[in-house]
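# Per-entry structural report
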Amino acid sequence: MFKPHVTVANVVHVNGNFLIVEEIINNKSVWNQPAGHLEANETILAAASRELYEETGINALPQQLIKIHQWVAPDGCAFLRFLFLIELDEMPETSPQDNDIHQCLWLTADEILSSSCLRSPLVAESIRCYMSRKFFPLALIDAYQFHSG
């Protein structure tokens, strides 16, 4: 049975800089937006906020939907990735709660787009989507008759 992984990711932007999390996977440093999997009994928006907090220590809510990507990784794993925007007025201190996150970095779009250590092509694509300035209201996503717990 086909069951794509449902993931969420956050483009966190402050004055021309983007928040990137650095993970060590297979002894290699890789960069990603604060992102992760949707969990049982959780809305997509709650997952985005939870992943942001776990990976950066920042409490913030998504403000807009940037894009929904359907992607098949090189290993054949299928993903549906909901990409959200969080615009902040200043760079908050970061404190990753997740042991898998090595550090948080504030980088320019050029630094991210020219990097050879992106976890997937969706990291750069997310920055390009942000730069297109086409955002959508969160009301497009509804947790119809959703009961958590």
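Since the structure is predicted, the reported quantities are computational estimates derived from the model, not experimental observations.

Scoring rules and cut-offs
- Residues numbered from 1 in each chain as written.
- Predicted model: local features only at pLDDT ≥ 70, side-chain atom pairs only at ≥ 80, totals over all residues.
- Heavy atoms only, no water.
- Helix = DSSP H or I, 4+ residues; strand = E, 2+ residues; numbered from the N terminus.
- Buried < 20%, exposed > 50% of the residue type's maximum accessible area, 1.4 Å probe, protein only.
- Contact = heavy atoms within 4.5 Å.
- UniProt positions renumbered as here; feature names shortened; annotations may be inferred.
- Expected span 1.5 Å × (residues − 1).
- Core = buried A, V, L, I, M, F, W, Y, C linked by side-chain atoms within 4.5 Å.

What follows concerns the side chain of N32. Structurally, N32 is set in strand β3 (residues 28-32). Relative accessible area serves as the criterion here: at 10%, N32 is assigned to the buried category. Look past the residues within four positions of N32 in its chain and what remains in contact with it is I20, V21, E23, R81, R119 and V123.

What follows deals with the UniProt feature "domain: Nudix hydrolase" (unreviewed entry) in the chain. Here, the residues flagged by UniProt with the feature "domain: Nudix hydrolase" (unreviewed entry) are residues 3-135. Along residues 3-135 the backbone is 23% helical and 40% strand, and the end-to-end C-alpha distance reaches 27 Å.

Between its terminal C-alpha atoms helix α1 (residues 44-56) stretches 18 Å, which fits the 18 Å expected from 13 residues at 1.5 Å a residue. Residues of α1 that are buried: I44, A47, A48, S49, R50, E51, L52, E55 and T56. Contacts made by the buried residues of α1 are with β1 (5-14), β2 (17-25), β4 (35-37), β6 (78-87) and β7 (101-107). At the C-terminal side of α1, G57 shows a positive phi close to 80 degrees.

A few words now on the nonpolar core. If you look at the biggest cluster of nonpolar residues, it comprises 21 residues, and the most contacted ones within it are F18, W31, I66 and I112. Those elements giving two or more residues to this core turn out to be β1, β2, β6, β7, α2 (109-113) and α3 (121-132). Tallying contributions element by element places α3 first for this core, with five residues. Beyond its immediate sequence surroundings of up to four residues, F18 is in contact with V11, V12, H13, L105, W106, L107, T108, A109, I112, I127 and Y130. Residues V12, I86, I101 and C104 belong to the second largest nonpolar core, which totals eleven residues.

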